[in-house]
Amino acid sequence: MKTHADAAEAFIKDEARTDWHDETLWFVREKRDIAAHGIPEWEKLREWASQIKNHTLSNLNHYLSTFEENAQANGIKVHWAANAAEHNQIIHQIIQDNKVTKIVKSKSMLTEECHLNEHLIKHGIEIIDTDLGERIVQLRKEPPSHIVLPAIHLKKQDVSETFHEFLDTEKGNNDPQYLTEAARQHLRDYFVASELAITGVNFAVAETGGFVVCTNEGNADMGAHTADIHIACMGIEKIIPNAEHLGVFLRLLTRSATGQPITTYSSHYHRPRPGQQMHIVIVDNGRTRQLGRPDFRNSLKCIRCAACFNTCPVYRRSGGHSYHTAVAGPIGSILSPNLDMKANADLPFASTLCGSCTNVCPVKIDIHEQLWKWRQVIVAEGYVPTGKKMGMLGMNFVLSNPTVYALSGKVGRWAMKTLPMMVNNKFNPWFKQREMPEAPAESFEDWYKKHRK
Ligand code: SF4
């Protein structure tokens, strides 16, 4: 598997596409700013959301068991999965028990995290993603690159080529309306024929035993309303205590995600309709381990709005696939080392630690501080490459010895002036993408001594 830096290097080779990706996501960030500034109580809402999540995480067992009790009283079958394998097995079993072959799925990052599609396909079961962006990447056999905008790395020309290949649309027709209509007709056949629909869960309400699914396309509703079996998949952190709390989160979610005042469809499910089966699979998959890490507990407050992605200068210029994990971006870089520290040891370093992610997060997660803390854990656990480890030990020695620091500054300035090749060479990763600065005539310390009054 490529590291983030290696995959990002491949992504930025296409400079025009990188600029376009950067500008497109920044445009979404600006829409978020306008929406947030339109609400005078925005900061209060963020604080409330953070506190509600804090309280819920501190009483998770209580709220999850209350939810289970109420959901079961409503006629929903509740399943518990300790990990991704159990989650996939439960869904597979429901499919087998009911002998269904036609399955549609709306966007669910949890099913991406658990690799549900791969599991079912391995067992000969076809599953169709119905979110437009997800369907595009599914046809291309790619993972989503963004949790809200799964195909944001693709231009309309790419989509046109994909649809021409798989849906037989006119070659070279890049008209978004034409392409969307083609996707609509293509998906409609699957919706009408579907026997089982899988959805994610944005919020599960302990008080009512119901849950809410938010989409802009209405595809979750179409699937759940036409199929005789509805399976909803949720991580344990999706629980909130009461229905009144939804008002706080629904106001924050889409404003933070796309700058819309409200998601187009916020659908509330409480019980199966007559003759329908409704299942909910509640998944841990490392979440209780993260809950037990005081420095990273707050990451479980995440409502997956992706505002931290859209503002992150590293995400915008390296693309979602560089993160090699289901949830990319700043929050993915905090969640993924908990799932597999060795495989994801590079991700907390894929950040400038500028703090912009923390500033926009609607539930006030201290994202950049957690990235910094993960770096410390990863170094202590020995998961950094030897070169980096030696480099950091060297820096530690230089920076903690004033005489050595002053001497190395002198040597560095001399080398930059007289032997620039020592710095400007292909072994220096900074030189690859940047012009190195002119060597200063003197150190700051020398300048300061001269000018101090
Ligand atoms: S960490 Fe915050 S900003 Fe990022 S996706 Fe989660 S809720 Fe949104």
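It should be noted that the structure appears before, not after, this text.
An account of the accompanying structure is given in this report. (Residues numbered from 1 in each chain as written. Predicted model: local features only at pLDDT ≥ 70, side-chain atom pairs only at ≥ 80, totals over all residues. Heavy atoms only, no water.)

Details of the pattern of salt bridges
Here's step 1: A full pass over the atoms with the stated rule returns 20 salt bridges.
Here's step 2: R29 is the salt-bridge partner of D33, the closest N and O atoms lying 3.0 Å from each other. Taken as a pair, D33 and R29 lie in helix α2 (residues 15-37) at a separation of 4 residues, close to a single helical turn.
Here's step 3: Using a relative accessible area of 16% as the deciding quantity, one classes D33 as buried.
Here's step 4: On the basis of relative accessibility, which here comes to 15%, the residue R29 falls in the buried class.
Here's step 5: The partner of E442 in a salt bridge is K450, with the nearest N and O atoms 2.6 Å apart.
Here's step 6: A relative accessible area of 24% means that E442 is categorised as partly exposed. (Salt bridge = Lys/Arg side-chain N within 4 Å of Asp/Glu carboxyl O. Helix = DSSP H or I, 4+ residues; strand = E, 2+ residues; numbered from the N terminus. Buried < 20%, exposed > 50% of the residue type's maximum accessible area, 1.4 Å probe, protein only.)

Re unusual backbone geometry
Here's step 1: Look at K99: it is not a glycine, yet its phi comes out positive at around 50 degrees.
Here's step 2: Structurally, K99 can be placed in the loop between α5 (84-98) and β2 (103-105).
Here's step 3: Even without being glycine, L353 reaches a positive phi, approximately 60 degrees.
Here's step 4: With respect to the helices and strands, L353 occurs in the loop between α16 (329-339) and α17 (356-360).
Here's step 5: Judged by relative accessible area, which is 26%, L353 ranks as partly exposed.

With respect to the site of the ligand
Here's step 1: Residues in close proximity to the ligand total 13 residues, the closest being C302, C305, A306, C308 and C361.
Here's step 2: Tallied by class, residues from the shell around the ligand come to 12 nonpolar, no polar and 1 charged. (Near = heavy atom within 4 Å. Nonpolar A, V, L, I, M, F, W, Y, C, P; charged D, E, K, R; others polar.)

Regarding the packing of aromatic side chains
Here's step 1: Scanning all chains against the criterion turns up 7 aromatic pairs.
Here's step 2: Both rings, one in F444 and one in W447, keep their centres 5.9 Å apart while their planes meet at 25 degrees; by these two values the pair is stacked. Of this pair, F444 and W447 both sit in helix α22 (residues 444-451), 3 residues apart, roughly one helical turn.
Here's step 3: Classification of F444 as exposed rests on a relative accessible area of 60%.
Here's step 4: Through a chain of ring-to-ring contacts, three or more aromatic side chains come together here, namely F309, Y315 and Y323.
Here's step 5: Its end group placed over the ring of F249, K53 keeps NZ or CZ at 5.5 Å from the ring centre.
Here's step 6: The lysine or arginine in question, R135, covers the ring of Y190, its NZ or CZ lying 5.9 Å from the ring centre. (Phe/Tyr/Trp six-rings, centres within 6.5 Å; stacked < 30°, edge-to-face > 60°. Lys NZ or Arg CZ within 6 Å of the ring centre and 35° of its normal.)

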